[in-house]
Amino acid sequence: MRRPIFLAIAACILTACASKSGKAASDTDALAVDAMKGTTVDKHSEAYIRQRIDTIYKFVGKITYDADGNRNYDYMPFNLDSAYCSERYYALMQQALEICEETGDILYDYDYWVCGQDISDDWSYKVAKVYHVTDSTALVDLAIHNFSDSETTIALRFERDDWYIDDFSPSADGEVDKAYLRRTIKEGKETLGLRRGGVKKQ
């Protein structure tokens with residue numbers, strides 16, 4: 001009789017291990033699928049997208065506490081970026097981080113998940129608006145409480161049969177943060193070229 005419980009626990013452990021290795025967490029929003037058993041899931045509906053954001057952001061408030069409940073800002077149960085960012089966005093992040101490690105620059109001076117340099121004990125979020133939904137993109141406005149109230153917008157990209165964050169500070173075309181990452185990579189390569197005595201291409 002205990003076999004189903006054992007299998008469920010084993011599945012959770014395997015999911016956690018995959019996430020720690022840098023692989024994405026489940027590509028399907030289990031909460032939404034469970035809630036809609038026996039029906040066709042419209043993953044482009046506002047209801048599903050809201051639930052997908054809840055699935056992603058429910059982990060954000062937990063990353064500041066260790067297993068004993070002690071506040072620890074550096075603690076993270078798994079890599080949220082690799083689990084919940086689009087493949088192209090995550091690849092740009094990683095490339096920019098590698099460049100900054102070589103140049104000694106700081107890529108971000110704040111935590112884009114919590115919208116601040118620190119996090120308040122009563123940090124919270126709320127999905128305010130879902131809009132501009134297409135087959136492959138969507139925008140979501142979030143109301144964030146982190147010491148004070150603020151609003152932010154995230155861009156989503158539909159890939160691997162689900163929605164993933166494609167930009168934490170998008171413009172109308174969803175390119176603001178990705179443009180910053182591309183510029184950081186370009187300028188970093190130029191800086192490294194000069195340091196190594198290379199000639200910058202005109």
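See the structure above.
The model shown is predicted, which means the values in this text are computed figures rather than measured ones.

Strand direction decides the pairing type here: strand 2 (residues 137–146) and strand 3 (residues 148–159), joined by ten bridges, are antiparallel. Bridging across to strand 3, N146 finds its partner in S148. Where strand 2 folds back onto strand 3 in an antiparallel hairpin, the turn is made up of one residue, including F147, whose phi is positive at roughly 70 degrees. Adjacent in sequence and paired antiparallel, strand 3 and strand 4 (residues 162–167) are bridged by two residues, among which R160 carries a positive phi angle near 50 degrees.

Our next topic: the environment of F147. Among the structural elements, F147 can be located in the loop between strand 2 and strand 3. Take F147: its relative accessible area is 56%, and that puts it in the exposed class. Considered as a pair, F147 and S120 are 27 residues apart in the sequence and their alpha carbons are 5.5 Å apart. Apart from residues no more than four positions distant in its own chain, F147 is found in contact with D118, I119 and S120.

The next subject is the pattern of salt bridges. In the structure shown here, the tally under the stated rule is eleven salt bridges. A salt bridge links R196 to E102, with the shortest nitrogen-to-oxygen separation between them at 2.7 Å. You can see R196 sitting in the segment after helix 6 (176–195) and its partner E102 sitting in helix 5 (residues 87–103), a full 94 residues away along the chain. Judged by its relative accessible area of 62%, R196 is exposed. The network of salt bridges with common partners includes E87, R157, E159 and R160.

On to the packing of aromatic side chains. Evaluated as defined, the whole model comprises eleven aromatic pairs. Here the aromatic rings of Y89 and F168 are separated by 6.0 Å at their centres, their planes lie at 45 degrees, and the arrangement is tilted. Highlighted residues: Y89 in helix 5 and F168 in the loop between strand 4 and helix 6, separated in sequence by 79 residues. For the pair shown, Y89 and F168 are each scored as buried. Ring pairs connect the aromatic residues Y57, Y89, Y108, Y110, Y112, W113, W123, Y125, F168 and Y180, which therefore count as one cluster. The aromatic ring of Y164 is capped on one face by R52, whose charged end is 5.0 Å from the ring centroid.

Assignment of secondary structure puts D166 in strand 4. With a relative accessible area of 4%, D166 lands in the buried category. D166 has contacts with S86, R88, Y89, A155, L156, R157 and K178, leaving out every residue within four places of it along the chain.

Here is what the cut-offs are and how they apply
Residues numbered from 1 in each chain as written. Predicted model: local features only at pLDDT ≥ 70, side-chain atom pairs only at ≥ 80, totals over all residues. Heavy atoms only, no water. Pairing = 2+ DSSP bridges. Helix = DSSP H or I, 4+ residues; strand = E, 2+ residues; numbered from the N terminus. Buried < 20%, exposed > 50% of the residue type's maximum accessible area, 1.4 Å probe, protein only. Contact = heavy atoms within 4.5 Å. Salt bridge = Lys/Arg side-chain N within 4 Å of Asp/Glu carboxyl O. Phe/Tyr/Trp six-rings, centres within 6.5 Å; stacked < 30°, edge-to-face > 60°. Lys NZ or Arg CZ within 6 Å of the ring centre and 35° of its normal.

These values are about where atoms sit, not about what they do.
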